Each structure stands twice: as structure tokens, then as C-alpha cells.
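Observations on the three-dimensional arrangement
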Amino acid sequence: MKQMTSAEAREAFLSFFEEMGHKRVASSSLVPGNDPTLLFTNAGMVQFKDVFLGTDNRPYKRATTAQKCMRVSGKHNDLEEVGPSPRHHTFFEMLGNFSFGDYFKREAIRFAYDLLTMVYELPKERLIFTVHDSDDEAHDIWVNEIGADPSQVYRLGDKDNFWQMADVGPCGPTSEIHFDLHPERGPEEFDPDSSRWIEIWNLVFMQFNQDETGARHPLPAPGVDTGMGFERIVSVLQNKDVNYETDLFMPIIRRTQELAGQTDAARDASIVPYRVIADHVRAATFLIADGVTPGNTGRNYITRMVLRRAARFGRKLGFTDPFMAEVAEVVIEEMGGHYTELEEKREAIRRAITQEEERFGRTLDRGLSELEGMLDQLEAEGKKQLSGALAFFLYSTLGLPLELTRDVAGERGFTIDEAGYYAEMEQHAIASGGGKAMGEIARQEAYSEVLAALKADGLLGDAGVIHNPYGPLSVEGRVLAIMRDGQRVEAAITGERVAVVLPQTPFYVEAGGQVSDTGTIRRQGEGARWEIDVEDTQRPVAGLVVHIGEVVEGTPHVGDLACASVDATRRWDIMRNHTATHLLHSRLRAVLGPHVQQAGSLVAPDRLRFDFSHGAALTPAELSEVAAQVNEAILANMPVAPMIKALEAARAEGAMALFGEKYGEEVRTITVGEQTHRFSYELCGGTHVSQTAEIGPFIITSEESVAAGVRRIEAVTGRGALALMRERFELLHSIASALETTPAQIHRRLRTLNEVLQSSQKEVERLRRQLARAQFERLLAEHVEQVDGVRVVSAHVEVASMAVLREMGDWFRDRVEGGVMVLGTVTDDRPQLLAAVTDDLVKRGIKAGDLVKQVAQVVGGGGGGRPQLATAGGRDAGKLDEALAQVAGLVRQALK
């Protein structure tokens, strides 16, 4: 049996079928395209379903794939087995080969047998073959054509040897191949349910399409769909009884072990949590890469559920802080080479996983404590089933998925009334007003209707929501409205995305370049607690402010007393950056001139961005002066004062206004400095510090052009600036250490090293020319071929660059009369060619450009140049010697 890594096994499969005339087709997404019958892609043939049905055509009749699959819903739900079972997984890969009306049973069986016995080198005597009890043709092929011992071929019924993807769709009889894991046990009757044998390949002979009534109709063209469980064949090739012990999972498990700080013995003693985390993080990584982020319904719920189940098992290993993004990093590193979308979506994957862990972490311990208390009570009462109402309460208030509740209850010998759970969920949907969780919040018309209704009910005055982002960062008030999926609802549950209306709010709404505040809304007073993470604040219509976010705990209801709190740390970061933007504007005008006008801005917590009119890039001296003057203004600790004034009065006093912005008759102004000696004076509705010293350090990070006559500066302040300084300081010390000097001496050390480097490069170049010259002399001495009186040299040489080849061409033309030389070399895996022709032969019609062009065609390239000297490049370095071998014949042909 051949030992292979998982990557080698996957490539061996795909390469084998490519050699057998199959088209290698990339895996489709885990989200099936245009197939409402499936939650996820669960088999390799899903992307070819329409081809088997005859409603789609492909430019090939044979295909092979390594397909991403998920089985965590409906008839293929393996979730409860993941962890305890050595071979069950949520996410898995399916290797397959397919025939669309091309070959059928005979070829499919032959391909499978040859791959297993000749490529993977599995012992023939350890293989078992099963066929449908009615399939005499397949049985005959195995016994009489393949030569399998009849005692190794078994006939089984529909349960084992008839396949269908779903309740409707393509289906047909199968032939399965099993592997004997324990031949040392001696002769034993084959049992497909025994752990001694493992099914490694299922050959489906697609003959029928099953309709909604269960009737089976012949397909337009019979086909073949085979599926080899990748995790299983890897376990066989790596001689492991447990899939989790292969190289598909052990790197993930080892990383989890490192993060948990456990020994190998401790890991092996609590292996189930390691397996669950490895499987579920792997699944979530692929799901998020395919756009299925954690959510509350459908596919998104599955991502949320596997992450939360993994988090709960993480608690068993001692994890209390987010850790799964680091585990996912291993999945990306190990599998990103084949599934490149993992590399492309790396940051999105890490961010989504960590965010979900943080949200669930707030309520996980409380939820588990509540559940344990419920189970203790049941135990005291002598009962063994948790009611659906209690299970739904845990989900709706604390975010515990049913699957997680089932796990915990099952560990203690309890069951769940799942029918009751789903009835409670349906009742919630009816009582709260219906609609889909995680849907679009609402249209503008819907918001207008809400505002009108709240005013008519006397819950809001004529001015609407009281919006005061300049006062306290927390205010209390009753929940006036909750919107979900464009509809008003009376309540929401954990995990649902909602828009909440309060009578007043301290949250800033995005305007004037400043981003919206984020924060929380929490239940106040008596009653079950709940919390909403506010991710955005919007003003969809005049007079209405809505807080958009996700319910992370409990069940908020309309009428509940709540406290809305702005994220104070984030607000302070924004205020520092906003006031710094005003200082930057002022100093740009002072340094560059009064022509500088604001052309746009972004004030975010992590940085500020300022666009302004100016016709040239700022010089280093100008940038340094601007930054210095801004920092001087900060250190001066000048007052920052807001004031409401008439627009005309403010303009008359010289207040700067943003071009194109609409202002009312009264405006808010921000003055930096004393009223009698203003350092900066602008119209602005944003939030600011009260003294410039509160800004902290100011650092310009970039300056660039964004349009004709418009420049952009980005900068950081406060905590962002301190973090940048710390990072740069650490980098400086790291560089100094690597250079074996002090930070103060880095410049001198680099100058010395640069001088040494330049000297070494000159010496290397001299030696390269010397070696090239020696090669050239050997060519003239040993590789000159006479072709009809013309001296011809063609050779593959080892040189560093095309420049050296050109120099060798000049040497040849200086030394040789009546000669042609074509040289080739490989640089960065690409072939390069040079042709040189002496002047007398140019007059006879031999041109270097024509010659090198013809030679380059062999290596898949082209080129040209002067008649005396020409160059070319190509793509296939492996054919360079073949190309050079044609030179003499081409010269002979040119002389005719």
C-alpha cells in the first residue's frame, strides 16, 4: 500500500482521471446554484445535476472533481456523531469521476479498480465489492472481467446499494468498494455495518430521475457518478483507524493543543472536544469563504451553530477568550493551496469567526448554567425530557442553539422535546409579526409609516426622535418600535438583526464625513435582561433615528425600559480624529496657501482622511511642517468650543464651510482657540474634544493624489498614533538587532553595508562575465558546426541575464566571420533566446530576427530585433533544447 500525504492522494486521483480523458473541474461552492432542494452541496454530482437531467450541456463528456461538501441537515445530518465517531464530519471532500452519456458500468468499475490497486496500491485481497441485488451486469463485470474472487463480491438491497441525492432527482443502483481494516482477524463474513470494513468508494450508475411521487423515470442518457470519501481514503493510505489522526486534522488538533497548553496525554484523554473543534472550525472556515456568515436562519444558522458548538467544547479545554480564528489559520495554511478562496478570504474568515465567538462568549456561561439548573430540576423530579419551551427559551434569550442544548442534555442522559421546540419557534414568528430574521431591515416608506404612527400615538413629538450626540453617552427610554425584515414586530430573539427606535438617543448619525456611533441597548429595570449590539445608527427619514444591530442576549419587547449607551472608547477615538481634521485643514492653508479647500473627509475611530485642493504633491519638508504645526497646536491645549449661530453671521466671521454641503439658517460652528484669536473656525455638526491636548500625538501616514488637483492625507491620532509609534519603535529595534548595531547607528551601518554590497555586486558581475567568457570560448572550440560553409553555434548556456547573452552575441560577431550563433538560457523558469548573425551572412539573407522568431515558436514564444542581433522569450523551458536543435536546419533552409 502506497504511503501518501492528503495533498498527494487528492492530486493522484485527479491526475489519474485526467489521463483517462476526464476534464478536471474545480469544486463548486458549498451553496448549490439554483437548487432549492438542497441546503448545501452534499455530493460531487450536485454541480452536474442538470447535466444528468438533460437540461444542461457541458463541452466535455467526462469530468473529475474534488468537491467541497456539507452534510448537517435533513436526511444527511451527522452532527451528533461528530466528535465521538472516528469518521463522521460536517464538512468533507468528495473525490469523483463522472460520465455524461459516455461510458457506463464496465469502464467505471475498471477505472476504480485500476486506481485503487495500481495508483494507491491497495492490496487486492483486502477489497470487498458490493452490487445491487438486481444488478447482474455489475456482478458479472467484477467477477468475469476484473477477475475478483466471487467470495469478495456481495449482492445487497436498496438500503446499501441504491443511491439518491434527495427525495427528488437523479438516482440509480450502485456498486460500493469497501476496505478490510483488520485482515489479521482472519476469515469473517462481510458485514457493511461492521467497523472492520470501511466504505471507500461508491459507484453510482445514474439511470433514473425520481419525481415528487416517488416514480422513477429513465434518464435521457445513463451516466456515472462516483464518490470517494476523501477523509476515508486518506485514513487508509496513512494506515489510521481514525480520520482525525490523519494529516487532514492533526495540524488543526495540534494548534488547538498549543493554544490550550495541554500535553499529549491530556489531549488524548479528552479527544472529543479536539475533534469537534477541528471539524467545526474547518467547516466554518469553508462556509464563510463561500459567503455563508454566521446568522439566525437557513445556511447562516449552520455556520453559527457549528461555531457555537465548537466554542462550547472549547470551554471543556479551558478556553474563555476567542481562539478559533487561530485554529482557522491552520485550515487556511493547510488547504489554501488547493482551495485558493481560503487565502483570498483569510481576513473575512478570521473576522467573522472572532466576532461570533465574542458575541456568544457573553452569554455562553450563563446559558450553560441555566441549562444545568434546568436539568438538575428535571433530575430531582425524576423526568428525562427537557420541554421544547425551555429549549426555545435558551435559544431565544441566550443564543444556545438546539444542537448545543441537545449535546449537553444528552451527556447527562436527557432528551429534548424537539417538536415542542419548533412549535415554540413558529409561535414566536406569529406573535412577533412574522418575517425572516437577518433580512433587510426596512425600506424608506416603511420607516415613514413608523414615524407617522409613533407621532399619531403620542409617543413622539412633532420633531420626532430627540437626537443629542453632544451630551451624556447614555440615555434611558422605552423601546418605541422594533423592525425586522421591513416589518414592525413586538419582540425579537437572540441572533435576529433589528432596527430599534427610542424616544431619544445619544448616538451620532453618520454625517459630514464622521461615521456613526456604535454601542449597546440594554434592558433596564425589572424583567428578563436583554442586550442589542448596535452596529450602525441611521436617519432614514427626517425626525427618525434607528439603531441597527443584532440581539445578542434575551428577548427585547416594544415598551421595555432600555438604556442606550455609546461605545465611549470608540467615540473618543472619533472625536480626537475629527478635531485633528480641523487642525490639519487650518495648517494646510497656512503652509500651502489659502487656495486649499476641503474636498471630502472621513473621520473614523482608527484614522482620519482629508481630501483637499492642491495642484502638486507635498514635499517632505511641507509634510513635516504641517505635522509639526498640528502637534504644536495640540500641545498648546487650546479650547475647542461649539456654538450655534446664524449661517450668514458665521460666514461673515470667516467660518470655513464644506463646498457643496447644504446648511440651514442656523448652523453649528467649531472654534479652536480663543474667540478673539481663532486657530480654526469651521461649520461642523460632528463631535469634538474640548481641549486640543486631548487629541494626543498626530502622525501623517500617507499623502497621495486622488484626482486632478486633489490630494489626500491620511493620519492617526491618540491611541492609533501611540500604537503606530510602538510598532515603528519595535521595528526599529528589531532592525538594529538584525544589523548588530544600535537604533542611532542604523543609518551608518546601512551605508557601510551598502558599500560592501555594491563592491560585492561588482565582483559578482566580474566573475559572471569571466564565466560567460569561458563558456563562450568553449563554444567556439567545441560546438561549431559547419552548415554549407557557414559556422553555426547553437547551445544551452548558463548565464544570469539577457544582458550577458547580448554581450556573448557581440563577442561572436567580433571574433567570427561567416557565422550564426543562437544561444538559450532559462531565467526565472522562462526560456530566453539570442541570435547573432555576422554582417556577410546578413547580406546573403540570413536575419537574426527571422531566425530567433522561428526558434522561439517551439518554446511557445516569440521575439525579434535587428538583422545582426535579436532576442526572444517563451513559456515552456522544457522545450529549450528541442528548439536549439532546429537551428542548423533553419540556417541550411535560409541559405537555399
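Residues numbered from 1 in each chain as written. Predicted model: local features only at pLDDT ≥ 70, side-chain atom pairs only at ≥ 80, totals over all residues. Heavy atoms only, no water.

Assigned secondary structure in the chain consists of 27 helices and 34 strands. Relative to the compact-globule value of 29 Å for 896 residues, the chain shows a C-alpha radius of gyration of 36 Å, a clear excess of over 25%. Expressed along its principal axes, the backbone C-alpha trace of the chain runs to roughly 100 × 80 × 55 Å. For the chain, the computed accessible surface area is about 39,800 Å², with 48% contributed by carbon and sulfur atoms. Side-chain charges of the chain comprise 98 positive and 131 negative groups, with the mean position of each set lying 5 Å from the other. (Helix = DSSP H or I, 4+ residues; strand = E, 2+ residues; numbered from the N terminus. Rg over C-alpha atoms; globule rule 2.2 N^0.38 Å. Areas by Shrake-Rupley, 256 points an atom, 1.4 Å probe, with all protein chains shown as cover. Lys, Arg positive; Asp, Glu negative; His and termini not counted. Charge placed at Lys NZ, Arg CZ, Asp CG, Glu CD.)

Here Asn239, not a glycine, exhibits a phi torsion of approximately 55°, which is positive. Within the fold, Asn239 resides in the loop between helix H6 (230-237) and helix H7 (250-260). On the accessibility criterion, Asn239 (59% relative accessible area) is exposed. Unusually for a residue other than glycine, Asp828 sits at a positive phi of about 55°. In this structure, Asp828 sits in the loop between strand S31 (819-827) and strand S32 (830-837). A relative accessible area of 70% means that Asp828 is categorised as exposed. (Buried < 20%, exposed > 50% of the residue type's maximum accessible area, 1.4 Å probe, protein only.)

With that settled, the discussion passes to the packing of helix H9 (residues 271-289) against helix H11 (residues 324-335). Angle between the axes and distance between the axes: these two values describe a pair of packed helices. Two numbers describe how H9 lies on H11: the axes approach to 9 Å, and their chain directions differ by 70°. One finds that H9 runs roughly perpendicular with respect to H11. Each of Ile277, Val281, Arg282, Thr285 and Phe286 in H9 lies in contact with H11, whose residues at this interface are Met324, Val327, Ala328, Val331, Ile332 and Met335. Of the residues contributing to the contact of H9 with H11, the split by class is 9 nonpolar, 1 polar and 1 charged. (Axes fitted to C-alpha atoms, helices over the stretch in contact; angles between N-to-C directions. Parallel < 35°, antiparallel > 145°, perpendicular 65-115°, else oblique. Contact = heavy atoms within 4.5 Å. Nonpolar A, V, L, I, M, F, W, Y, C, P; charged D, E, K, R; others polar.)

Within the secondary structure, Arg308 is located in helix H10 (residues 298-316). In this view, Arg308 contacts Glu356, Phe360, Gly399, Pro401, Leu404 and Thr494; residues no more than four positions away in its chain are not counted.

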